[in-house]
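Now for the letters of each chain:
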Amino acid sequence: MIPNPWTHEVRHSAHIFRSYDIRGIYGKDLTEKIMEKIGLAFGNFVKKDIVVGMDARLSSGSLKNSFISGALKSGKNITDMGLLPLGAAMFYAWQNGKELAYTTASHLPKEWNGVKFFHSSGAGFVEEENQKIRDLAIHIKLAERKDGKISKTNNKEVVEKYKNYLLSKTKPNKRIRIILDCGNGCAGLIAPELFQEAGFEVKTINEEPDGTFPNRSSDPTEENISGLKKICKNSIGIGIAYDGDSDRMTVVSESGEFLSPEQVSYFILSNLLKKENGPIVANVECTRLIDDAAKRFGRNVIRTPVGHSFLVEAVHKEKGCYGVESSGHYSLPFLVPFDDAVAISFYFACQLSESDEKLTEFISHIPKYPFKRINFDCSDQKKFLVIEKLKKEFLEKYKDVNIMDGIRVDFPDSWALI
């Protein structure tokens, strides 16, 4: 029997199927041939028609087209949205009751690419679903079948509907200055217009989408947004920075201070919990600042494994009012039922416009906890064995141990996560 080259190629790259997305180095782990097979597998797995979008990475166009080629062979109809922020693509899929496949590697370096899957409800595909798609991609044959139909959207209309929807949910109370660092990602296609039309005074940097990310990394960490911090300090305005596909954001105060996602959440929750019911969802990495906010309003905190899909799934399942990941993912279901940094950052800015305090003054009242992250070199072959050994040891030794994702041990005045 002649081996199927498609099966061999996908099997060789099976490691690109992660818990909540697919990602790998373009040309090495992820090729157009593999993406076509993933498209066919996805089309066979889902029951509904499919919306397809992409970020600005240089390889995204050809990978997206290959995915579409495979998905059409499953008989599904495809709506190709092309280049658009993830939130706007998800908004269209949600409004039209379709599944979304979005080509992106999010915050990873330019050499990487991948694809994220979302249900029409706004929830991302979870690990079990991604594994089933992986198994289909390995074994399914790329035989010619009746093709589905392909159509394109009018993205100007999509963007207008998206902006009008957000403006119907929240608006600023007064004009404040916002500096938007779009990171040469997709946020530049929507965020500046949205904030300006709402009435904010807006300055933008790195606005033009560019898949080479020439001005800073697509990961908006404190180290990578030093330019924004400097501008905020000199311009007396707050800053918002986005990642490549605009599903993560970080905030800088008017004094140039970087806010952690927990500090951003504390500010949002201080107003949100007066109006919205339900628990708070936070991943196992989030600090106790989230517990402080919950205790203040008599709410429970539900912990989830690391990953935006787990976060949004838990918010939906537990009827949570809010969700946060320590990496800068947020879920605010009264606003949108999916993970969208442009929408969340807009809500944050509108809430700040209602405050009598500057952001710097507000965060000066928030408890500050020391936090340190230490990385250890450990091979993939060994790390799971190490974790299993430590689980056994820590469960015997300590009282409050959480093993849903790694091992978190809580003490009366501190905590540690491995």
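Residues numbered from 1 in each chain as written. Predicted model: local features only at pLDDT ≥ 70, side-chain atom pairs only at ≥ 80, totals over all residues. Heavy atoms only, no water.

A word on the overall build of the protein chain
We count it as follows: Helix and strand assignments come from DSSP, with helices taken as H or I runs of at least 4 residues and strands as E runs of at least 2, each series counted from the N terminus. Within these notes, the globule rule equals 2.2 Å times the number of residues to the 0.38 power, and the radius of gyration is based on C-alpha atoms. Two residues form a contact once any of their heavy atoms are found within 4.5 Å. In this tally, Asp and Glu contribute negative charge and Lys and Arg positive charge; neither His nor the terminal groups of the chain are included. To locate a charge, the coordinates of NZ of Lys, CZ of Arg, CG of Asp or CD of Glu are taken.
Summing up its helical and strand segments, the protein chain has 14 helices and 18 strands in all. A compact globule built from 418 residues should have a C-alpha radius of gyration of about 22 Å, and the protein chain, at 22 Å, falls within 12% of that. The C-alpha extent of the protein chain, read off along each of the three principal axes, is 70 × 60 × 40 Å. Residue pairs in contact within the protein chain that sit at least 24 positions apart in sequence constitute 69% of those at least 6 positions apart. Placing the 57 positive and 56 negative side-chain charges of the protein chain at their respective mean positions leaves the two points 2 Å apart.

Here's the deal with the side chain of N130
For clarity, the cut-off: Any residue under 20% of the maximum accessible area for its type is buried, any over 50% is exposed, and the rest in between are partly exposed; the area is computed with a 1.4 Å probe on protein chains only.
Looking at the element boundaries, N130 is found in helix α5 (residues 127–139). Take N130: its relative accessible area is 2%, and that puts it in the buried class. When sequence neighbours within four positions are dropped, the list of residues in contact with N130 reads F17, R18, S19, Y20, D21, F117 and F125.

Structural notes on the side chain of S253
Turning to its location among the elements, S253 is positioned in the loop between β10 (249–252) and β11 (258–259). By relative accessible area, which is 0% here, S253 ends up buried. Look past the residues within four positions of S253 in its chain and what remains in contact with it is C232, G237, I238, L259, L359, T360 and I363.

Some details on unusual backbone geometry
For N206, which is not glycine, the phi torsion reads 50° and is therefore positive. Among the structural elements, N206 can be located in the loop between β8 (201–205) and α8 (226–235). Residue classification places N206 among the buried residues on the basis of a relative accessible area of 19%. Even without a glycine there, the phi angle at F213 is positive, about 45°. Owing to a relative accessible area of 11%, F213 belongs among the buried residues under this scheme.

A few points about helix α12 (residues 341–353)
Here is the rule: What a helix should span is 1.5 Å times the count of its residues minus one. Residues adjacent in sequence count toward polar contacts only when both atoms are side-chain atoms; beyond that, a polar contact is any pair of N or O atoms within 3.5 Å, and within protein one must be able to donate a hydrogen and the other to accept it.
An ideal rise of 1.5 Å per residue puts 18 Å on 13 residues; α12 measures up with 18 Å between its terminal C-alpha atoms. Burial runs high along α12: 13 of the 13 residues are buried. For α12, the N-terminal cap is D340; the gap from its side-chain oxygen to the backbone nitrogen of V342 is 3.2 Å.

What about the sheet that holds strand β4 (residues 99–103)?
Sheet strands pair via backbone hydrogen bonds, and the direction of the pair is either parallel or antiparallel. For clarity, the cut-off: Strands are labelled as partners when DSSP assigns at least two bridges between them. Lines fitted to C-alpha atoms define the axes, with helix axes restricted to the stretch in contact, and inter-axis angles between N-to-C directions lie between 0 and 180 degrees.
The sheet built from 6 strands is open, its strands ordered β1-β5-β4-β2-β3-β6 with mixed pairing. Lying at the two open borders of the sheet, with one neighbouring strand each, are β1 (22–25) and β6 (150–152). Within the sheet, the average angular offset between the axes of one strand and its neighbour, ignoring direction, is 20°. Seen against the sheet, helix α2 (residues 32–45) touches β1, β2 (50–54), β4 and β5 (112–118) and runs at an angle of roughly 5° to β5.

A look at the environment of G53
Note that G53 resides in strand β2. On the basis of relative accessible area, G53 is assigned to the buried category, the value being 0%. With 144 residues separating them in the primary sequence, G53 and E197 have C-alpha atoms 25 Å apart. Excluding residues that lie within four positions of it along the chain, G53 makes contacts with K64, M81, G82, L100, A101, Y102 and T103.

Remarks on the sheet that holds strand β12 (residues 280–283)
Here 4 strands make up an open sheet; going across it, the order is β13-β12-β14-β15 and the pairing mixed. What marks the edges here is a single partner per strand, and that holds for β13 (301–304) and β15 (330–331). With 2 bridges joining them, strand β14 (residues 322–324) and β15 adopt antiparallel strand pairing. Residue pairing across strands places G323 opposite S331, the latter belonging to β15. With respect to the sheet, helix α10 (residues 289–296) is in contact with β12, β13 and β14, its orientation differing from that of β13 by roughly 155°.

Things to note about the packing of aromatic side chains
In plain terms, the rule: Planes of paired rings set the category: under 30 degrees apart is stacked, over 60 is edge-to-face and the rest tilted, where pairs are Phe, Tyr or Trp rings (Trp by its six-membered ring) whose centres lie within 6.5 Å.
Under the defined criterion, the tally for this structure stands at 22 aromatic pairs. Between F67 and F117, the ring centres sit 6.2 Å apart and the planes meet at 35°, which makes this aromatic pair tilted. Note that F67 is positioned in helix α3 (residues 60–72) and F117 in strand β5, a separation of 50 residues in sequence. Each of the two residues, F67 as well as F117, counts as buried. Pairing F394 with Y398 gives two aromatic rings, centres 5.6 Å apart and planes at 75°, and the pair type is edge-to-face. Exposure remark for F394: the relative accessible area of 13% places this residue in the buried category. Joined through ring pairs, the aromatic side chains of F42, F45, F67, F117 and F125 make up one cluster.

Re the pairing of β12
In β12, alternate side chains face the same way, and those of I280 and A282 on one face and V281 and N283 on the other are all buried. By the bridge criterion, 4 bridges tie β12 to β13 in an arrangement that is parallel. Its bridge partner being in β13, A282 is matched across the sheet by R303. The pairing of β12 with β14 spans 3 bridges and is classified as parallel. Across the sheet, V281 pairs through a bridge with G323, a residue of β14.

Topic: the packing of helix α9 (residues 261–272) against α10
Just so we agree on the cut-off: When an angle is under 35 degrees it counts as roughly parallel; over 145 it counts as roughly antiparallel; between 65 and 115 it counts as roughly perpendicular; any other value is oblique. Residues are grouped as follows: nonpolar covers Ala, Val, Leu, Ile, Met, Phe, Trp, Tyr, Cys and Pro; charged covers Asp, Glu, Lys and Arg; every other residue, Gly included, is treated as polar.
Packing of α9 against α10 leaves a shortest axis separation of 9 Å and a crossing angle of 10°. Put simply, α9 runs roughly parallel to α10. Within the contact between the two elements, α9 uses E262, Q263, S265, Y266, L269 and S270 and α10 uses L289, I290, D292, A293 and R296. Split by residue class, the contact of α9 with α10 holds 5 nonpolar, 3 polar and 3 charged.

Read these as geometric descriptors, not functional statements.
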